[in-house]
Amino acid sequence: MFRQDYRRNAEAVARHVYDPAGIGCLVLYTAHETSLDALIERPLDEGDLLANANTVIHMGKIREGTRFRRAMYVTKHRGSAYTDEIVPYRIEDGGIVLEK
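Residues numbered from 1 in each chain as written. Predicted model: local features only at pLDDT ≥ 70, side-chain atom pairs only at ≥ 80, totals over all residues. Heavy atoms only, no water.

S.K.: I tried to follow the side chain of His58 on my own but got confused; where do I start?
M.R.: For His58, the position within the fold is in strand 1 (residues 55-64). When near neighbours in sequence (up to four residues on either side) are disregarded, His58 contacts Leu36, Leu39, Ile40, Ala71, Met72, Tyr73 and Thr75. (Helix = DSSP H or I, 4+ residues; strand = E, 2+ residues; numbered from the N terminus. Contact = heavy atoms within 4.5 Å.)

S.K.: When you look at the pairing of strand 1 in this model, what are you seeing that I'm missing?
M.R.: Regular strands place their side chains on alternate faces of the sheet. As defined by bridge partners, strand 1 adjoins strand 2 (residues 67-77) across ten bridges and the pair is classed as antiparallel. Bridge pairing in strand 2 places Lys61 opposite Arg70. Hairpin connection from strand 1 to strand 2: two residues lie between these consecutive antiparallel strands, with Gly65 at a positive phi of about 65°. (Pairing = 2+ DSSP bridges.)

S.K.: For this particular structure, what's the right way to read the confidence of the model for the protein?
M.R.: Note that predicted coordinates carrying low pLDDT should not be read in detail. The predicted model of the protein has a mean per-residue pLDDT of 86, with 97% of residues at 70 or higher. Here helix 1 (residues 6-14) stands out as the element of the protein with the lowest mean pLDDT, 84, in contrast to strand 3 (residues 87-92), whose mean of 94 is the highest. (pLDDT = per-residue confidence, 0-100.)

S.K.: Looking at this model, I keep getting lost on the layout of surface pockets. Mind explaining?
M.R.: When its volume is computed, the largest pocket comes out at roughly 900 Å³. In this structure, the largest pocket is lined by 27 residues; those nearest its centre are Val27, Leu28, Tyr29, Leu50 and Ile57. Per-element accounting of the lining of the largest pocket gives the leading share, seven residues, to strand 1. The class makeup of the residues in the lining of the largest pocket is 16 nonpolar, seven polar and four charged. (1 Å grid on protein atoms, 1.4 Å probe; cavity = no way out; pocket = protein on both sides within 12 Å on 5 of 7 lines; lining within 4 Å. Points joined across faces, edges and corners; volume = space filled by probe spheres on them. Nonpolar A, V, L, I, M, F, W, Y, C, P; charged D, E, K, R; others polar.)

S.K.: Looking at this structure, I do not really get the sheet that holds strand 3. What am I missing?
M.R.: Within a beta sheet, neighbouring strands are joined by backbone hydrogen bonds and run either parallel or antiparallel to one another. The four strands lie next to each other as 1-2-3-4, forming an open sheet whose pairing is antiparallel. Looking along the sheet, the strands with just one partner apiece sit at the ends: strand 1 and strand 4 (95-98). Taken pair by pair, the neighbouring strands of this sheet meet at an average axis angle of 40°, ignoring direction. Here strand 3 runs beside strand 4; their pairing, made up of four bridges, is antiparallel. Its bridge partner being in strand 4, Glu92 is matched across the sheet by Gly95. (Axes fitted to C-alpha atoms, helices over the stretch in contact; angles between N-to-C directions.)

Written as C-alpha cells, this is what we have:
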C-alpha cells in the first residue's frame, strides 16, 4: 500500500505520525516448501507479504549425506550487513541454538 502508492498516501501518513521505537512487528509465514534450497529459490511476487518485509529469514531442512538437519538463511536484511552463510540450528528445551 505505501511503497507503490507512496505519493498518493503521503498526506494521510503524515497525519498519523508515530514513534518508530515503539512499534515492532513479526510475521510467521508457513510455506509449502520445506527444504531450505526451495525456500531460497522461491520468487517473491509483487504484492507478496514478504516482498515488503525489512528482514526475511528462511528456516528449512538441508540434506547432509543420509540425514536432514535444520538450517536458516537470511535472504533479505535491509539496513545492515549479515552473513551469506547457511546457518544450521537445533531446537532444545531452551529454544533455538545456532551451530556455527
